[in-house]
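As a plain string of letters, each chain reads:
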Amino acid sequence: MLSASAAATWDLYSYKLTLPESRFGEAFQCIFRIPNIINNIQSHLVSSQTTYACYLVYKLPKDQSEFQAPILVEDQGDFNSNRHRYIFLVSPQTPVIRPKADQNTHNPLNKPKFKGLPQERNDGWMEVQIWEFLAATTTETIPVCLALGTRGDKMLSGLIIEGVEFRPI
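About the cut-offs
- Residues numbered from 1 in each chain as written.
- Predicted model: local features only at pLDDT ≥ 70, side-chain atom pairs only at ≥ 80, totals over all residues.
- Heavy atoms only, no water.
- Helix = DSSP H or I, 4+ residues; strand = E, 2+ residues; numbered from the N terminus.
- Buried < 20%, exposed > 50% of the residue type's maximum accessible area, 1.4 Å probe, protein only.
- Contact = heavy atoms within 4.5 Å.
- Pairing = 2+ DSSP bridges.
- Axes fitted to C-alpha atoms, helices over the stretch in contact; angles between N-to-C directions.
- Patch = residues over 30% accessible without salt bridge, like charges linked within 9 Å, V, L, I, M, F, W, Y side chains within 5 Å.
- Areas by Shrake-Rupley, 256 points an atom, 1.4 Å probe, with all protein chains shown as cover.
- Salt bridge = Lys/Arg side-chain N within 4 Å of Asp/Glu carboxyl O.
- Core = buried A, V, L, I, M, F, W, Y, C linked by side-chain atoms within 4.5 Å.
- Lys, Arg positive; Asp, Glu negative; His and termini not counted.
- Polar contact = N/O pair within 3.5 Å; in protein donor to acceptor, adjacent residues only side chain to side chain.

Visitor: So what exactly am I meant to see when it comes to the overall build of the protein chain here?
Guide: Within the protein chain, the regular secondary structure consists of one helix and 11 strands. Each helix and strand of the protein chain, placed in order from N terminus to C terminus, yields the pattern β-α-β-β-β-β-β-β-β-β-β-β. Each of the 169 residues in the protein chain was classed as buried or not, and the buried ones make up 36%. Taking the contacts inside the protein chain whose residues are at least 6 apart along the sequence as the reference set, 73% of them involve residues at least 24 apart.

Visitor: I would appreciate a short explanation of the environment of I130 in the present structure.
Guide: By secondary structure assignment, the location of I130 is in strand β9 (residues 126-134). Under the relative-accessibility criterion, I130 is labelled buried at 1%. Expressed as a C-alpha distance, the spacing of I130 and A53, which sit 77 residues apart in the sequence, is 7.6 Å.

Visitor: Sorry if this is basic, but what is going on with the sheet that holds strand β7 (residues 84-87) here?
Guide: The strands making up a sheet associate through backbone hydrogen bonding, with each pair oriented either parallel or antiparallel. Pairing within the open sheet is antiparallel, and its four strands lie in the order β4-β10-β6-β7. A single partner strand is all that each edge strand has here, and the edge strands are β4 (37-42) and β7. The mean inter-strand angle of the sheet, taken between neighbouring strand axes irrespective of direction, is 25°. Sheet topology note: the β4/strand β10 (residues 141-149) ladder contains six bridges and is antiparallel. If you follow Q42 over to β10, its bridge partner there is T141.

Visitor: Help me understand the environment of E66, please; the structure alone is not making it clear to me.
Guide: Structurally, the position occupied by E66 is in the loop between β5 (51-59) and β6 (71-75). Setting aside its immediate chain neighbours within four residues, E66 contacts K154, M155 and L156.

Visitor: Mind showing me how you'd approach a nonpolar patch on the surface here?
Guide: Taken together, the side chains of Y13, Y15, I31, F32 and M155 define a hydrophobic patch exposed on the protein surface, amounting to about 430 Å² of accessible area. Here Y15 lies in strand β2 (residues 14-18). Relative accessible area serves as the criterion here: at 39%, Y15 is assigned to the partly exposed category.

Visitor: What's the story with the nonpolar core in this structure? I'm lost.
Guide: In globular proteins that are soluble, nonpolar side chains generally tend to be buried together. In terms of nonpolar packing, the biggest core is built from 33 residues, with L56, L89, I130, L148 and I161 touching the most fellow members. When neighbours within four sequence positions are excluded, L89 is seen to be in contact with I34, L56, Y58, L60, F67, I71, P118, V128 and L159. Judged by nonpolar contacts, the second largest core, of six residues, contains L19, A27, V57 and I160.

Visitor: I keep staring at the side chain of E162 and nothing clicks. Help me out?
Guide: Structurally, E162 is set in strand β11 (residues 160-168). Among buried charged residues, E162 stands out as having no salt bridge; its nearest opposite-charge side chain is R23, 4.6 Å away. A distance of 2.9 Å separates the side chain of E162 from the backbone nitrogen of R23, its partner in a polar contact. Once residues lying within four places of it in the same chain are set aside, the contact partners of E162 are M1, L2, S3, A4, S22, R23, F24, A27, V57, Y58, D123 and W125.

Visitor: What is the right way to read the side chain of R121 from this model?
Guide: Within the secondary structure layout, R121 lies in the loop between β8 (119-120) and β9. A relative accessible area of 13% means that R121 is categorised as buried.

Structure, rendered in structure tokens:
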């Protein structure tokens, strides 16, 4: 896992927090928007010919109303393709269609794992998959250049980012 200070370009729209519950002892709080995630992964740190996922590790403020809309993630490091996806920082509320009106078929343990939907981690933080890549055998570094943004004038004030984590999938 990379700390927020190592994984992203922070600017005037964020500030550093001291957080004892973070594994790094610090995190960054967004004031206006999510910063770009820019880094290079050394190829000797990953297994070749293995697909990895990159997860944003974060906490939401008490008022989560500004975080209901999807967030656009653009892979700006891959100039040969238009790779983008949408993620959610808060699970979207969707109605459950039941076979019969009196049956309750909702079971939170049977929730499918979709890319781009947040999940709570064992350490109390939230995570959402924002990117995936195949580790090649020939490159020395794997560039990570992700831009995260909202549509319109949505403010993401109060979002606390601990870092990004890479795991094989």
